[in-house]
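# Tertiary structure, described
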Amino acid sequence: MDEREKLLEKYQAKVYKNRKEHLIALEDPGEDGQPQSIAANTRAIPGIMTARGCCYAGCKGVVVGPLKDVCVITHGPIGCGFYSWGTRRNKAKGEEKSGGKNFVPYCFSTDMQEPDIVFGGEKKLEAAIAEAVELFDPKCIMICSTCPIGLIGDDVQAVARRTEAKYGIKAIGYSCEGYKGVSQSAGHHIANNGLMRYVIGTGDTPPKKKFSVNILGEYNIGGDGWEEERILRRCGIEVVSIFTGDGSFEALKNSHLATLNLVMCHRSINYIAEMMKTKYGIDWLKVNFIGVGATCKSLREIAAYFQDPDLTARVEEVIADEVSLIADDIAYYKSKLTGKTAGIFSGGSRSHHYQVLLADFGMETIIAGYEFAHRDDYEGREVIPFIKEDADNKNIETITVEPDPDFYREVYAADALAKLREGIEIDTYDGMMPEMRRGDVVVDDYNHYETDELIKRIKPDIFFSGIKDKYNIQKAGVSSRQIHSYDYSGPYAGFNGAVNFGRDVTMALYTNAWEFVVPPWKSQPMLVGSVGA
């Protein structure tokens, strides 16, 4: 019996039947050459301590919340607003052209109380909007619904339309009640639909440089997006907009005028990448700026797409310069980290991205999993036609778009694009599992029990996860780093980010105080009593 079976045998039969499809030990490809299949994007089992978030968290907390010049109002109880505010460390700076406005540090909520739930909250929402307009004068207001709003039937879309008519600003309502879908992934989809319908394509300011891109699925945790933009700017590439870390409503309006989309977090933003391809003809590349080798590869693929000798030469110059500046630091941290093992449980594409960065330091990832991924995030987009939708996912609207008569343009004809695809991966993603090794453990919708058991049985030296797991892991004597918020460090992207990451991991492993702490229940009884006569 392998470690996977030993872990699963603790479950009762019904739970075992479900979880065995979500937890696999990788084997060699079968005769058809295809990787193993994994169950994903299905409802978590009630009672299991899943690490997932809700639909509202995906819409407000991940996608639209980082927009710095948008007043994003949570329509619901204050706890929901607080939960999605200030925890992901989406850094942002106000811009002069927008009056220096930066609403990211604020938490806007209607603070629904029991009487509001009983009698309806639309009037309270409209009062909150009036107050926000008076105090902050935003050019755009977004309204994100939480569970009670869907249950009582408040019409946030109607309120948004009335707001536009009254104040002459853009207002968008999102029916992203937490119970929709099976995880925060549903909220990503809803947010993508809203941005595509009401924001993207409404601007008319063209890029200033010959080579222009959007970065999709970059939320500027710890300043990642700034580091990526710095590198691209050195190469002579203009970033038109970032979706959505340090992003803005004003920049997103012009994103349809960029030449190429770069997709960082596949799960949260692939819907927009696909819709922009259909509507505007913009190709997309799945890139990874996490890791030295990965950053170099991504920059070279971007240059290869544009097929400009001067750009290619400039990219190589930047790579050589950046790598030389960090070479000594990388070598030092690699000498400390080579041979160490790691586990990664995260969301988005991070469990895939960080395996590449760990490999830069000679570390091996032996456990990896996602909170809310779909099968294509694990196995690659070629499995999408074979994914069967269940009822939970059918209640998330899928919008269709047509080629825009004014802005649709193809950079390359079909035959030229096919030739380009021989060298770079355009409009596709191969997923995480094909790059992992035989024997590695992959877990979908991981939970506390499985995390604890995998640590006991497989014994990674360090575990990268979220705040829900961090302290459980540390109390087991294993170093832990938050990969969603970087434990107040960062950036971890790009060349300088790799050095920051190496420093933090070395510090965590070599000063692991929890390893030397003996829990009191291991040395003394926690319950003391006597037997009566």
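Predicted, not measured: the structure shown is a model, and the values here were computed from it.

## What about the packing of helix 13 (residues 292–306) against helix 14 (residues 309–337)?
The interhelical angle for the contact between helix 13 and helix 14, taken along N-to-C directions, is 175°, at an axis separation of 10 Å. By the criterion of interaxial angle, the relationship of helix 13 to helix 14 is roughly antiparallel. Contact residues: Val-292, Cys-296, Leu-299, Arg-300, Ala-303 and Phe-306 in helix 13; Leu-311, Thr-312, Val-315, Glu-316, Ile-319, Val-323, Ile-326 and Ile-330 in helix 14.

## Examining the environment of Leu-252
With respect to the helices, strands and loops of the structure, Leu-252 is situated in helix 11 (residues 249–253). Taking the C-alpha atoms as reference, Leu-252 lies 7.6 Å from Ile-242; in sequence the two are ten residues apart. Residues in contact with Leu-252, not counting those within four places in the same chain, are Leu-67, Leu-195, Val-199, Ile-200, Gly-201, Ser-241, Ile-242 and Phe-243.

## Observations concerning unusual backbone geometry
With an omega of 0°, the peptide bond running from Phe-243 to Thr-244 counts as cis. Looking at where Thr-244 falls in the secondary structure, it is placed in strand 7 (residues 237–244). For Asp-246, which is not a glycine, the phi torsion comes out positive at approximately 55°. In this structure, Asp-246 sits in the loop between strand 7 and helix 11. For Asp-246, a relative accessible area of 15% corresponds to the buried category.

## Quick notes on the environment of Leu-195
Mapped onto the fold, Leu-195 is located in helix 9 (residues 184–198). Since its relative accessible area comes to 0%, Leu-195 is described here as buried. Note: C-alpha distance between Leu-195 and Val-64 (131 residues apart in sequence) is 8.7 Å. Dropping the residues within four chain positions of it, Leu-195 is found in contact with Val-63, Leu-67, Met-142, Tyr-174, Ile-200, Leu-252 and Ile-272.

## Details of the pattern of salt bridges
Per the stated rule, a full pass over the model turns up 38 salt bridges. Across the pair Arg-230 and Glu-322 runs a salt bridge whose closest N-O atoms are separated by 2.9 Å. Pair noted here: Arg-230 is in helix 10 (residues 224–235) and Glu-322 is in helix 14, with a separation of 92 residues, a long-range link. For Arg-437, the salt bridge is made with Asp-440, and the minimal N-O distance between the two is 3.9 Å. When its relative accessible area of 40% is taken as the criterion, Arg-437 is described as partly exposed. A single network of salt bridges, built from pairs that share partners, joins Glu-227, Arg-230, Arg-234, Asp-321 and Glu-322.

## As for the packing of helix 3 (residues 55–64) against helix 9
Packing of helix 3 against helix 9 brings their axes to within 6 Å, and their N-to-C directions diverge by 55°. Relative to helix 9, the element helix 3 is oriented oblique. At the point where helix 3 passes helix 9, the crossing takes the right-handed sense. In this structure, helix 3 uses Cys-55, Ala-57, Gly-58, Cys-59, Val-62, Val-63 and Val-64 to contact helix 9, whose residues at the interface are Gln-184, Ala-186, Gly-187, His-188, Ile-190, Ala-191, Asn-192 and Leu-195. The residue makeup of the contact of helix 3 with helix 9, split by class, is ten nonpolar, five polar and no charged.

## Things to note about a negative patch on the surface
There is a patch of like negative charges on the surface, built from Glu-382, Glu-425, Asp-430 and Glu-435. Looking at the element boundaries, Glu-382 is found in the loop between helix 16 (375–379) and helix 17 (391–394). Glu-382 gets classed as partly exposed once you look at its relative accessible area, which sits at 40%.

## So, the sheet that holds strand 6 (residues 211–218)
Judged by pairing direction, the sheet is parallel, and its four strands sit side by side in the order 7-6-8-9 without closing on themselves. Looking along the sheet, the strands with just one partner apiece sit at the ends: strand 7 and strand 9 (283–286). Averaged over all neighbouring strand pairs, the angle between strand axes comes to 25°, with direction disregarded. In the sheet, strand 6 pairs with strand 7 via seven bridges, with the strands oriented parallel. If you follow Leu-216 over to strand 7, its bridge partner there is Phe-243.

## So, the sheet that holds strand 13 (residues 462–465)
Strand order in the open sheet formed by six strands is 1-12-11-10-13-14, and the pairing between neighbours is mixed. The open sheet has two edge strands with one neighbour each: strand 1 (23–25) and strand 14 (479–482). On average, adjacent strands in this sheet sit at an angle of 15° to one another, irrespective of strand direction. Both strand 11 (residues 364–370) and strand 12 (residues 441–444) contribute to a ladder of four bridges, which runs parallel. For Ile-367, the partnering residue across the bridge sits in strand 12 and is Val-441. In this fold helix 15 (residues 350–360) packs onto strand 10 (341–346), strand 11 and strand 13, with an angle of close to 155° to the strand it touches most, strand 10. Against the sheet, helix 21 (residues 494–510) touches strand 13 and strand 14, its axis set at about 125° to strand 13.

## As for a nonpolar patch on the surface
On the surface, a cluster of nonpolar side chains totalling about 440 Å² of accessible area is made up of Trp-521, Met-526 and Leu-527. Mapped onto the elements of the fold, Met-526 is located in the segment after helix 21.

Calculation rules
Residues numbered from 1 in each chain as written. Predicted model: local features only at pLDDT ≥ 70, side-chain atom pairs only at ≥ 80, totals over all residues. Heavy atoms only, no water. Axes fitted to C-alpha atoms, helices over the stretch in contact; angles between N-to-C directions. Helix = DSSP H or I, 4+ residues; strand = E, 2+ residues; numbered from the N terminus. Parallel < 35°, antiparallel > 145°, perpendicular 65-115°, else oblique. Contact = heavy atoms within 4.5 Å. Buried < 20%, exposed > 50% of the residue type's maximum accessible area, 1.4 Å probe, protein only. Salt bridge = Lys/Arg side-chain N within 4 Å of Asp/Glu carboxyl O. Left-handed = near helix turned anticlockwise from the far one by under 90°. Nonpolar A, V, L, I, M, F, W, Y, C, P; charged D, E, K, R; others polar. Patch = residues over 30% accessible without salt bridge, like charges linked within 9 Å, V, L, I, M, F, W, Y side chains within 5 Å. Areas by Shrake-Rupley, 256 points an atom, 1.4 Å probe, with all protein chains shown as cover. Lys, Arg positive; Asp, Glu negative; His and termini not counted. Charge placed at Lys NZ, Arg CZ, Asp CG, Glu CD. Pairing = 2+ DSSP bridges.

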